[in-house]
Amino acid sequence: MTEVLVVSLQELSVFQKNKLVLAHVNFRVKQGEFVYLIGKTGSGKSSLLQTIFAELPAEAEHSTVCGFDLKTLGKKEVPFLRRKMGIIFQDYRLLEDRTVEDNLLFVLKSTGWKDKKAINKRIMEVMSDVDLIAKLKTMPHQLSGGEQQRVAIARALLNSPELILADEPTGNLDPQTSNEIMRLLLKICQEDRAVIMATHNYNLIHKFPGRVVKCEEGSIVDSNNKLN
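Chains are numbered independently. Their residues run from 1 in the order of the written sequence. Only residues with pLDDT of at least 70 are given local features in this predicted model, and only at 80 or more are side-chain atom pairs given and counted; all residues enter the totals for whole chains, interfaces and linings. Calculation of side-chain values draws on the structure's entire complement of heavy atoms; hydrogens and water are dropped beforehand.

Asker: Looking at this structure, I do not really get the overall build of the protein. What am I missing?
Answerer: Only DSSP runs of H or I with at least four residues qualify as helices, and only runs of E with at least two residues qualify as strands; both kinds are numbered from the N terminus onward. Within the protein one finds seven helices and 10 strands. The globule rule used for comparison is 2.2 Å times the number of residues to the exponent 0.38, while the radius of gyration itself is calculated over C-alpha atoms. Its C-alpha atoms give the protein a radius of gyration of 17 Å, near enough to 17 Å, the size a compact globule of 228 residues would have. With the C-alpha coordinates aligned to their principal axes, the bounding extent of the protein is approximately 45 × 40 × 40 Å. Accessible area is worked out with a 1.4 Å probe on protein chains only. A residue is then buried under 20% of its type maximum, exposed over 50%, and partly exposed in between. Counting over 228 residues, the protein shows a buried share of 51%. In what follows, residue pairs with any heavy atoms lying within 4.5 Å of each other are defined as contacts. In the protein, once contacts between residues fewer than 6 apart in sequence are set aside, the share between residues at least 24 apart is 68%. Put simply, the protein shows about 11700 Å² of open surface, and 49% of that area lies on carbon and sulfur atoms. For the area figures, the Shrake-Rupley method with a 1.4 Å probe applies, and any residue is considered shielded solely by the protein chains shown.

Here's what the structure looks like:
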């Protein structure tokens, strides 16, 4: 089988407000691969994720994500890149003034969906994936933290992404709920989607083994191994 690279970065430099955060980054992620991004606070984990989803500029010899060249990517192309990825944040970032269903509807409409039947079908599919169909008419503040994060995962899945970026997705959750979110992310990965997850939680890494990439001393160290 041909190896499908979802992320391919070569000699990448990552800048945050004109300050060099990471240098000489060589990082590749294959389809269906689960990668942990670890490191101290301020080590560049979030900045690397922001570069991958084109929030920060990419300065590199070579940088492609989901088939897009980050070096030549124009502002008008950024939304098309982001449709090929799902982004999950620690603080959920749901729209508090509308129901769960309307949160998902907002994303679909803003990414070009128009057919009502197709929209309703897709919302039901992703809510079924996260086992929350009963909460469609619920407001976000009425949900637990774990339920809000599952809605955030459902939102990330709406456009059938090739890549999921998860920035500390279990950071606000208790251990049991964190385990549930991890099982969900690993299930998504088994559907041939790549997942890159930034985390401080080393217990999760040992419990749910994956490839580990560490941000330290201004660059990255790739284990290319699975922790046992």
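So that's the structure; there's more coming.
Asker: Quick question: what am I supposed to make of the packing of aromatic side chains here?
Answerer: How two aromatic rings sit relative to each other is set out by the distance from centre to centre and by the angle between their planes. The pairing test for Phe, Tyr and Trp rings, Trp by its six-membered ring, is centres within 6.5 Å, and the orientation test on the planes gives stacked under 30 degrees, edge-to-face over 60, and tilted for anything in between. Considering all chains together, one arrives at one aromatic pair under this definition. A ring is considered to have a charge above it if a Lys NZ or an Arg CZ atom is located within 6 Å of its centre and within 35 degrees of its normal. The ring of Phe89 has Arg93 sitting right over it, with the charged end atom 3.8 Å from the ring centre.

Asker: Any chance you could explain unusual backbone geometry here in plain terms?
Answerer: Glycine aside, the phi torsion of most residues is negative, and most peptide linkages are trans. A positive phi angle is found at Lys17, which is not glycine, with a value near 55°. In this fold, Lys17 is placed in the loop between β1 (5–16) and β2 (19–30).

Asker: Just to check I follow, could you spell out the side chain of Glu168 for this structure?
Answerer: Inspection of the secondary structure puts Glu168 in the loop between β7 (163–167) and α6 (175–190). Once residues lying within four places of it in the same chain are set aside, the contact partners of Glu168 are Lys45, Gln90, Ala198, Thr199 and His200.

Asker: What should I look at first to understand the sheet that holds strand β5 (residues 68–69) in this one?
Answerer: Backbone hydrogen bonds hold the strands of a sheet together, and the pairing may be parallel or antiparallel. Any two strands are treated as partners once DSSP identifies two or more bridges connecting them. With respect to topology, four strands assemble into an open sheet ordered β2-β1-β4-β5, the strand pairing being antiparallel. Both outer strands of the open sheet, β2 and β5, are each paired with one neighbouring strand and no more. Here two bridges tie strand β4 (residues 62–65) to β5, and the two strands are oriented antiparallel to one another. What sits directly across from Thr64, in β5, is Asp69. Along the sheet, helix α1 (residues 45–52) makes contact with β1, β2 and β4, crossing β1 at roughly 120°. Each axis is a line fitted through C-alpha atoms, and for a helix only the stretch in contact is used; angles between axes span 0 to 180 degrees, taken between their N-to-C directions.

Asker: I keep staring at helix α4 (residues 116–129) and nothing clicks. Help me out?
Answerer: Since the α-helix packs 3.6 residues into each turn, any two residues three or four apart lie on the same face. How far a helix is expected to stretch is found by multiplying one less than its residue total by 1.5 Å. Its 14 residues place the ends of α4 20 Å apart at the C-alpha level, agreeing with the 20 Å of an ideal helix rising 1.5 Å per residue. Every buried residue belonging to α4 is among Ile119, Arg122, Ile123, Val126 and Met127, and all of these are buried. End-on, the buried residues of α4 take up no more than an arc of 125°, which puts them together on one face. Along α4, the residues that are exposed and aim more than 90 degrees away from the buried face are Lys117 and Lys121. Buried positions along α4 lie against α3 (100–110) and α5 (145–157). In protein, a polar contact requires one atom able to donate a hydrogen and another able to accept it; more generally it is a pair of N or O atoms within 3.5 Å, and residues adjacent in sequence count only if both atoms are side-chain atoms. One side-chain oxygen at the N-terminal end of α4 lies 3.0 Å from the backbone nitrogen of Lys117; it belongs to Asp115. Positive backbone phi, approximately 60°, marks Asp131, located one or two places after α4. When we speak of the arc, we mean the arc of directions from the helix axis to the C-beta atoms.

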